[in-house]
Amino acid sequence: MSEASDIAAAMLLGARVEGGGTRFGLFARPAAACGVRLFGADGACLAEHTLRAHGDGYFSAHVSGVEDGALYKFVVDGRELPDPFARFLPQGVHGPAQVVRARHAWRHDGVLRPLDQQIIYELHVGAFSEAGTYAGVVEHLAELAALGITAIELLPVAAFAGTRGWGYEGVALFAPFAPYGTPDDLRALIDAAH
């Protein structure tokens, strides 16, 4: 990989499965040293890898053999921290992030409708269905459509601390709240709504 493409890859933050492993990218200015710590399902540390500094606060590394489902945290100047760009935090916002490869096969294109022709329903995932999950919402989409609803606004989406939230306290903006379902469960809900 050339120096320019290596820096461009570092600017893609979080964890991305690529080329027989995972590329980890982190922005941590003014950190002197950064790494990624990998964990087993039991919480035991499996390995730690150094992230290469690219300047201006960007760090990255490609770690071979790390695949979908791996758990990790970043280490910034010796301090272990969750990934602020995590795509999934199965153990909550203070726990390790999970490397996620999207597996959902999209069946529908998005629906484009002028705003003045939309009837928007603000939907709180945890309180909407008995299940309190993305899958629970899918089970009731036909009922919403029968009411004339043409769009749903999901709250909350971003992961937050604790077990209850209304969408205003998200702290991991790229990770859906784990008790509601996986990122692919969220994709399935969006696909079903379309």
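Predicted model, so just to flag it, every value in this text is computed and none were measured. (Residues numbered from 1 in each chain as written. Predicted model: local features only at pLDDT ≥ 70, side-chain atom pairs only at ≥ 80, totals over all residues. Heavy atoms only, no water.)

Student: I keep staring at the nonpolar core and nothing clicks. Help me out?
Tutor: Across soluble globular proteins, nonpolar side chains show a tendency to be buried alongside one another. Of all hydrophobic cores here, the largest spans 25 residues; its most connected members are Phe24, Cys34, Val36, Leu51, Tyr72 and Leu89. Of all the secondary-structure elements, those providing two or more residues to this core are strand E1 (14-18), strand E2 (21-27), strand E3 (34-39), strand E5 (58-64), strand E6 (71-76) and strand E12 (172-176). Look past the residues within four positions of Cys34 in its chain and what remains in contact with it is Leu26, Ala28, Thr50, Leu51, Phe59, Val75 and Val76. (Core = buried A, V, L, I, M, F, W, Y, C linked by side-chain atoms within 4.5 Å. Buried < 20%, exposed > 50% of the residue type's maximum accessible area, 1.4 Å probe, protein only. Helix = DSSP H or I, 4+ residues; strand = E, 2+ residues; numbered from the N terminus. Contact = heavy atoms within 4.5 Å.)

Student: Just checking my understanding: could you explain the packing of aromatic side chains for this structure?
Tutor: Remark: the centre distance and the inter-plane angle together describe each pair of aromatic rings, the angle taken between the planes. Inspection of the entire model under this criterion finds nine aromatic pairs. Aromatic pair Tyr134 and Tyr180: ring centres 5.9 Å apart, planes at 80°, arrangement edge-to-face. Taken together, the residues span a long stretch of sequence, with Tyr134 in helix H3 (residues 134-138) and Tyr180 in the loop between E12 and helix H5 (183-193) at a distance of 46 residues. Take Tyr134: its relative accessible area is 0%, and that puts it in the buried class. For Tyr180, a relative accessible area of 6% puts it in the buried group. Site record: aromatic cluster; members linked through ring pairs are Tyr134, Phe160, Phe177 and Tyr180. (Phe/Tyr/Trp six-rings, centres within 6.5 Å; stacked < 30°, edge-to-face > 60°.)

Student: I keep staring at the state of the cysteines and nothing clicks. Help me out?
Tutor: Structurally, a disulfide amounts to a covalent bond that connects the sulfur atoms of two cysteines. Scanning the entire structure with this criterion turns up zero disulfides. Between Cys34, a cysteine without a disulfide, and Cys45, which holds the nearest cysteine sulfur, the sulfur-to-sulfur distance is 16 Å. For Cys45, a relative accessible area of 45% puts it in the partly exposed group. (Disulfide = S-S within 2.5 Å.)

Student: Sorry, what's going on with the pattern of salt bridges here?
Tutor: Two side chains with opposite charge may pair up if their charged atoms get near one another. Applying the stated criterion across every chain, the model contains seven salt bridges. For Arg37, the salt bridge is made with Glu48, and the minimal N-O distance between the two is 2.8 Å. With a gap of eleven residues between them, Arg37 in strand E3 and Glu48 in strand E4 (residues 45-55) connect regions that are remote in the sequence. Arg107 serves as the salt-bridge partner of Asp191, at 3.6 Å between the closest nitrogen and oxygen. Of this pair, Asp191 sits in helix H5 while Arg107 sits in the loop between strand E8 (97-98) and strand E9 (120-124); the two residues are 84 residues apart in sequence, bridging distant segments of the chain. What makes Asp191 buried here is its relative accessible area of 0%. Overall, Arg107 belongs to the exposed group, its relative accessible area being 60%. (Salt bridge = Lys/Arg side-chain N within 4 Å of Asp/Glu carboxyl O.)

Student: Honestly, the side chain of Asp191 in this entry has me stumped. Any pointers?
Tutor: A polar contact of 2.9 Å, which involves the side chain of Asp191, links it to the backbone nitrogen of His108. Setting aside residues up to four positions removed in sequence, Asp191 forms contacts with His104, Ala105, Trp106, Arg107 and His108. (Polar contact = N/O pair within 3.5 Å; in protein donor to acceptor, adjacent residues only side chain to side chain.)

Student: I tried to follow H5 on my own but got confused; where do I start?
Tutor: When H5 is considered as a whole, its buried residues turn out to be Pro183, Asp184, Leu186, Leu189 and Asp191. Of the surrounding secondary structure, the elements contacted by the buried residues of H5 are H3, helix H4 (141-146), strand E10 (151-155) and E12.

Student: Where do I start with the environment of Leu115 in this structure?
Tutor: Inspection of the secondary structure puts Leu115 in the loop between E8 and E9. For Leu115, a relative accessible area of 64% gives the class exposed.

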